[in-house]
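Spelled out, the chains give:
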Amino acid sequence: MKSRTAAVVAAICATAALTACGDDDPAPAGWQVPVTATDTSCEVATTLFNPGAVTFAVTNRGQQATGVYLYGREGAGFTKVVAEAADVAPGKTGDLLATLATGLYEMACKPGRQGDGVRTRITVSDDGTVASAVAETAYDRDVAVELTAAGITGAEGLIAEPGEKIQFRVTNKTTAARTLDVLDPDGKRAAEVKAPPNGTADTVVTFGSAGTWTLKAKGDGAAPVTRQLIVR
């Protein structure tokens, strides 16, 4: 599976007729970068940047108004608001303007303008060192999953490709600790996410083989609940 980042950067370079721009280069400062928000996803066209001013052009393809926020690291998490487009109506586009310094950030799309949002990690590097390291472990997309007393929501109809890396951002809506297991087609555990009561956790899963995979939520005092997803 070809990296979405590499493809978009190549397109940017071709458009600008740049001669010294390769697949692994971060997007240059000053460019307009598309962001596509839906009710379940937040796709940033490239996740590698040079320092400087960037305009994120946010298109809302969901059914709800969405707020889009760029967060910087503060303490142990990404909670510092760097820039925002607080209200983008369905079918509309809004600009989010930011000046990026070197480091890591998270872009959050918040359907209904509520909650922590569906997040995508981005990296800003002035020499390519950080960007190259993160490119090896970056995920292809972000999927928000909620664990409730009734089951698992947020992964309905999910289809992945062999080799795809998906970050699962798990929100536990119950008052007890819950665990989400990702099981491969042989029933072996590929990943485990432990979410505290009314808390969040995340992990990146690489779907290495085609077949029917399973998300399994479990916790003390609760019957296990499963949801299938297809890799093809």
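Now for a look at the structure at hand. What you see as residue numbers is a count from 1 along each chain, following the sequence as written. For a predicted model such as this one, the threshold for reporting local features is a pLDDT of at least 70, and the threshold for listing and counting side-chain atom pairs is 80 or more; totals across whole chains, interfaces and linings nevertheless cover every residue. Just so you know, side-chain values use all the structure's heavy atoms and leave hydrogens and water out.

A closer look at the pattern of salt bridges
For step 1, the next point in the chain: For this document, the term salt bridge refers to a Lys or Arg side-chain nitrogen within 4 Å of an Asp or Glu carboxyl oxygen. Evaluated as defined, the whole model comprises 10 salt bridges.
For step 2, the next point in the chain: The partner of Arg 169 in a salt bridge is Asp 202, with the nearest N and O atoms 3.8 Å apart. Of the two residues, Arg 169 sits in strand β13 (residues 164–172) while Asp 202 sits in strand β16 (residues 200–207), which places them 33 residues apart along the sequence.
For step 3, the next point in the chain: Only protein chains enter the accessibility calculation, which uses a 1.4 Å probe; a residue whose area is less than 20% of its type maximum is buried, one above 50% is exposed, and one in between is partly exposed. You can call Asp 202 partly exposed: its relative accessible area is 40%.
For step 4, the next point in the chain: With a closest N to O distance of 4.0 Å, Arg 189 and Asp 181 form a salt bridge.
For step 5, the next point in the chain: Accessibility expressed as a relative area gives 51% for Arg 189, which makes it exposed.
For step 6, the next point in the chain: Relative accessible area serves as the criterion here: at 3%, Asp 181 is assigned to the buried category.
For step 7, the next point in the chain: One continuous salt-bridge network, built from bridges that share partners, spans Glu 106, Arg 119, Arg 121, Arg 169 and Asp 202. Think of it this way: any DSSP run of H or I at least four residues long counts as a helix, any run of E at least two long counts as a strand, and we number them from the N terminus.

Concerning the sheet that holds strand β4 (residues 52–60)
For step 1, the next point in the chain: With mixed pairing, the four strands of this open sheet are ordered in space as β2-β1-β4-β7. Looking at the sheet topology across the chains shown, the edges are occupied by β2 (42–44) and β7 (93–100). Within this sheet the neighbouring strands show an average axis-to-axis angle of 25 degrees, counted without direction.
For step 2, the next point in the chain: DSSP calls a pair of strands paired once it identifies at least 2 bridges connecting them. Where β4 meets β7, eight bridges bridge the pair, whose relative direction is antiparallel. Opposite Thr 59, over in β7, you have Thr 93 as the bridge partner. Only the stretch in contact is used when a helix axis is fitted, and all axes are lines through C-alpha atoms; the angle between N-to-C directions ranges over 0 to 180 degrees.

Let's talk about the state of the cysteines
For step 1, the next point in the chain: By convention in this document, the label disulfide applies to cysteine sulfur atom pairs within 2.5 Å. For the coordinates displayed, the defined rule picks out one disulfide.
For step 2, the next point in the chain: Two residues share a disulfide in this structure: Cys 42 and Cys 109, whose sulfurs sit 2.0 Å from each other. On the S-S bond that ties Cys 42 to Cys 109, the torsion sits near 55 degrees, and the link is right-handed. Pair noted here: Cys 42 is in strand β2 and Cys 109 is in strand β8 (residues 103–111), with a separation of 67 residues, a long-range link.
For step 3, the next point in the chain: A residue is classified by how much of its surface remains accessible, and Cys 42, at 3% relative accessible area, is buried.

Points about the pairing of β13
For step 1, the next point in the chain: Of all nine residues that make up β13, seven are buried, and the element is covered over most of its length.
For step 2, the next point in the chain: Bridge count between strand β10 (residues 141–147) and β13: seven bridges; the pairing is parallel. In the sheet register, Arg 141 faces β13, and the bridge partner there is Ile 166.
For step 3, the next point in the chain: As paired strands, β13 and β16 are joined by eight bridges and run antiparallel to one another. Considered in β16, the bridge of Arg 169 is made with Asp 202.

Focus on the sheet that holds strand β6 (residues 77–88)
For step 1, the next point in the chain: Read from one edge to the other, the open sheet built from five strands follows the order β3-β9-β8-β5-β6, with strand pairing classed as mixed. In this open sheet, the two edge strands, each paired with only one partner strand, are β3 (48–49) and β6.

Remarks on the pairing of β10
For step 1, the next point in the chain: Two strands pair when backbone bridges link them, and β10 and strand β11 (residues 152–153) are joined in this way by two bridges, in the antiparallel orientation. By the bridge assignment, Glu 146 is partnered in β11 with Thr 153.
For step 2, the next point in the chain: Connecting the antiparallel pair β10 and β11 is a turn made up of four residues, with Gly 151 showing a positive phi of about 155 degrees.

Section: unusual backbone geometry
For step 1, the next point in the chain: Within the chain, Arg 113 stands out as a residue other than glycine whose phi angle is a positive 55 degrees.
For step 2, the next point in the chain: Tracing the sequence through the fold places Arg 113 in the loop between β8 and β9 (118–124).
For step 3, the next point in the chain: By relative accessible area, which is 47% here, Arg 113 ends up partly exposed.
For step 4, the next point in the chain: Even without glycine at this site, Asn 198 takes up a positive phi of about 50 degrees.
For step 5, the next point in the chain: Within the element layout of this structure, Asn 198 appears in the loop between β15 (189–195) and β16.
For step 6, the next point in the chain: For Asn 198, a relative accessible area of 54% translates into the label exposed.

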